[in-house]
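# Report on the structure
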Amino acid sequence: MAGTNLLTLLDDITTLLDDIATMSKVATKKTAGVLGDDLALNAQQVTGVAAERELPVVWAVAKGSFLNKAILVPAALLISVWLPWLITPLLMMGGLFLCFEGAEKVFAKFLPHQNEAIDEDEKLDLVEYEKQKVKGAIRTDFILSAEIIVITLGTVAGATLFNQTLVLCVIAIIMTIGVYGLVAGIVKLDDAGLYLLNQSKVKANKFKELLGKGLLAAAPRLMQFLAFAGTIAMFLVGGGILVHGVALLHHIQLDVTSYAQSVAGGTGEVLAPLLFDGLLGVIAGLVVVLIHVGYTKLFKNNL
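Summarised in this report is the structure supplied together with it. (Residues numbered from 1 in each chain as written. Predicted model: local features only at pLDDT ≥ 70, side-chain atom pairs only at ≥ 80, totals over all residues. Heavy atoms only, no water.)

### Points about the packing of helix H8 (residues 206-245) against helix H9 (residues 247-264)
To characterise two packed helices, one gives the angle between the axes of the helices and the distance between these axes. Quick note on the threshold: Simply put, an axis is a line fit to the C-alpha atoms, just over the touching stretch for a helix, and the angle between two N-to-C directions goes from 0 to 180 degrees. Only DSSP runs of H or I reaching four residues or more are called helices, and only runs of E reaching two or more are called strands; each is numbered from the N terminus. Small angles under 35 degrees read as roughly parallel and large ones over 145 as roughly antiparallel, with 65 to 115 read as roughly perpendicular and the rest as oblique. Working rule for contacts: check all heavy atoms of both residues, and any pair within 4.5 Å makes them a contact. Polar here means any residue other than Ala, Val, Leu, Ile, Met, Phe, Trp, Tyr, Cys and Pro, which are nonpolar, and Asp, Glu, Lys and Arg, which are charged; Gly is therefore polar.
At their nearest, the axes of H8 and H9 sit 5 Å apart, and the two run at 105° to each other. With respect to H9, the axis of H8 lies roughly perpendicular. Within the contact between the two elements, H8 uses Leu 242, Val 243, His 244 and Gly 245 and H9 uses Ala 247, Leu 249, His 250 and Gln 253. Counted by class, the contact of H8 with H9 contains four nonpolar, four polar and no charged residues.

Shown next as structure tokens:
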């Protein structure tokens, strides 16, 4: 009798693990796009940090990301049980914030503030700069993590609360390790190139020399690309959240995609929703920035 009960228990555990693995695989596929945006955004956030501080900064942001998900997973489960209607408004706020941050970066690039000029006698507080970088990266991670958690929650909506919890925990851990492991590798590409170049001189290895030079040449270009891609990702992700949160926008996107497909076939079907999300993100970000600037000026004038 005891042996039968043990076998039944083991069978139930195996079935449970299979279900968790299957649901986690489906959720991972659905959140893969957000993972790419998360990677680009976080790699961009550590640009400008001193080389010897890159890995500590990545580690600090990774710890913040784990904390974000430790907050988001139980919060998402509680909201899904007690306040399911609140999920969409919260995501919308996060989407608007991403659009706002993207627009701010564009404004700062092409229309730098006058107070950003630094006198020769002024010295940049590198510790404070690093703290601001970490805070900004963790803040952005919170929004993207929230989207990942909500998408995962929607994927496993029909499962039991216990299974939902396990899948959310698995996705949260996998995504965090995956993103920040890749970010750490990307930011240390130049160090790897320098190491290979030095090794090639010691052992006269032509392959290591060429590979080292290639990595050294590619690293700054890759970081520049990721900085650009990170800003684009803010508009795409933010606009995408707004599209999926507002039924009218979603219907317009479907109509635009259908028209693009009839004109350009599969290419139009793929590009149309991306362009729609990105354009909407730019417009939303511009509007929020203008509101923010107007409010700030009004508030300062009333002081």
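### Side note on the side chain of Asp 141
Operational definition: Counted as a polar contact is a pair of N or O atoms within 3.5 Å, where, for protein atoms, one must be capable of donating a hydrogen and the other of accepting one, and residues adjacent in sequence contribute only when both atoms are in side chains.
Within the secondary structure layout, Asp 141 lies in helix H5 (residues 126-155). Within the local environment of Asp 141, its side chain forms a polar contact with the side chain of Asn 68, the two groups lying 2.9 Å apart.

### Digging into the packing of aromatic side chains
For any pair of aromatic rings, the description consists of the separation of the ring centres together with the inter-plane angle of the planes. Cut-off, in case you're wondering: Each aromatic pair joins two rings of Phe, Tyr and Trp (for Trp, the six-membered one) with centres within 6.5 Å, and gets the label stacked for planes under 30 degrees apart, edge-to-face for over 60, and tilted for any other angle. Relative accessible area decides the class of each residue, using a 1.4 Å probe on protein chains only: under 20% of the type maximum gives buried, over 50% gives exposed, and in between gives partly exposed.
Scanning the entire structure with this criterion turns up one aromatic pair. A centroid spacing of 6.3 Å and a plane angle of 40° characterise the contact between Phe 97 and Phe 100, whose relative ring orientation is tilted. Residue Phe 97 and its partner Phe 100 are located together in helix H4 (residues 87-110), separated by three residues, close to a single helical turn. Residue classification places Phe 97 among the partly exposed positions, given a relative accessible area of 25%. Owing to a relative accessible area of 11%, Phe 100 belongs among the buried residues under this scheme.

### Focus on the nonpolar core
Operational definition: Here, nonpolar core means buried Ala, Val, Leu, Ile, Met, Phe, Trp, Tyr and Cys residues that are tied together by side-chain atoms lying within 4.5 Å of each other.
Counting residues in hydrophobic clusters, the biggest one holds 18 residues, and the most contacted among them are Val 73, Leu 98, Ile 149, Leu 153 and Leu 168. Of all the elements in the fold, those that place two or more residues in this core are helix H3 (54-82), H4, H5, helix H6 (161-187) and H8. Apart from the residues within four sequence positions on either side, Leu 98 is in contact with Thr 140, Ile 143, Leu 144, Met 234, Val 237 and Gly 238. Residues Val 61, Val 134, Val 179 and Leu 226 belong to the second largest nonpolar core, which totals 14 residues.

### Considering helix H7 (residues 189-203)
One turn of an α-helix holds 3.6 residues; hence residues three or four places apart share an orientation. Here is the rule we go by: Helix span, expected: 1.5 Å multiplied by one less than the number of residues in the helix. An arc is given here, and it is the one of the directions from the helix axis to the C-beta atoms.
Over its 15 residues, H7 runs 21 Å from end to end, which matches the ideal 21 Å to within 8%, given 1.5 Å per residue. Those residues of H7 not exposed but buried are Gly 193, Leu 196, Leu 197, Gln 199 and Ser 200. Each buried residue of H7 sits inside an arc of 165° when the element is viewed along its axis, so together they form one side. Exposed positions of H7 whose direction lies more than 90 degrees from the buried face are Tyr 195, Lys 201 and Val 202.

### Some points on the side chain of Ser 145
Structurally, Ser 145 is set in helix H5. For Ser 145, a relative accessible area of 0% translates into the label buried.

### Focus: a nonpolar patch on the surface
Quick reminder of the rule: Distance thresholds for patches are 9 Å for like charges and 5 Å for nonpolar side chains (Val, Leu, Ile, Met, Phe, Trp, Tyr), applied to residues having over 30% relative accessible area and no salt bridge. Only the protein chains shown count as cover for residues, and the accessible areas themselves come from Shrake-Rupley with a 1.4 Å probe. Take a side-chain nitrogen of Lys or Arg and a carboxyl oxygen of Asp or Glu: if they are within 4 Å of each other, that pair is a salt bridge.
A cluster of nonpolar residues, Leu 78, Val 81, Trp 82, Leu 83, Trp 85 and Leu 161, forms a patch on the protein surface that exposes about 720 Å² of accessible area. Tallying contributions element by element places H3 first for the nonpolar patch, with three residues. Assignment of secondary structure puts Val 81 in helix H3. Residue Val 81 is classed as partly exposed on the basis of its relative accessible area, which comes to 49%.

### Let's talk about the pattern of salt bridges
Within the structure shown, the criterion is met by five salt bridges. Notably, a salt bridge pairs Glu 101 with Arg 139, separated by 3.0 Å at the nearest N-O pair. Pair noted here: Glu 101 is in helix H4 and Arg 139 is in helix H5, with a separation of 38 residues, a long-range link. Taking the relative accessible area as the measure of exposure, Arg 139 reaches 41% and is therefore partly exposed.

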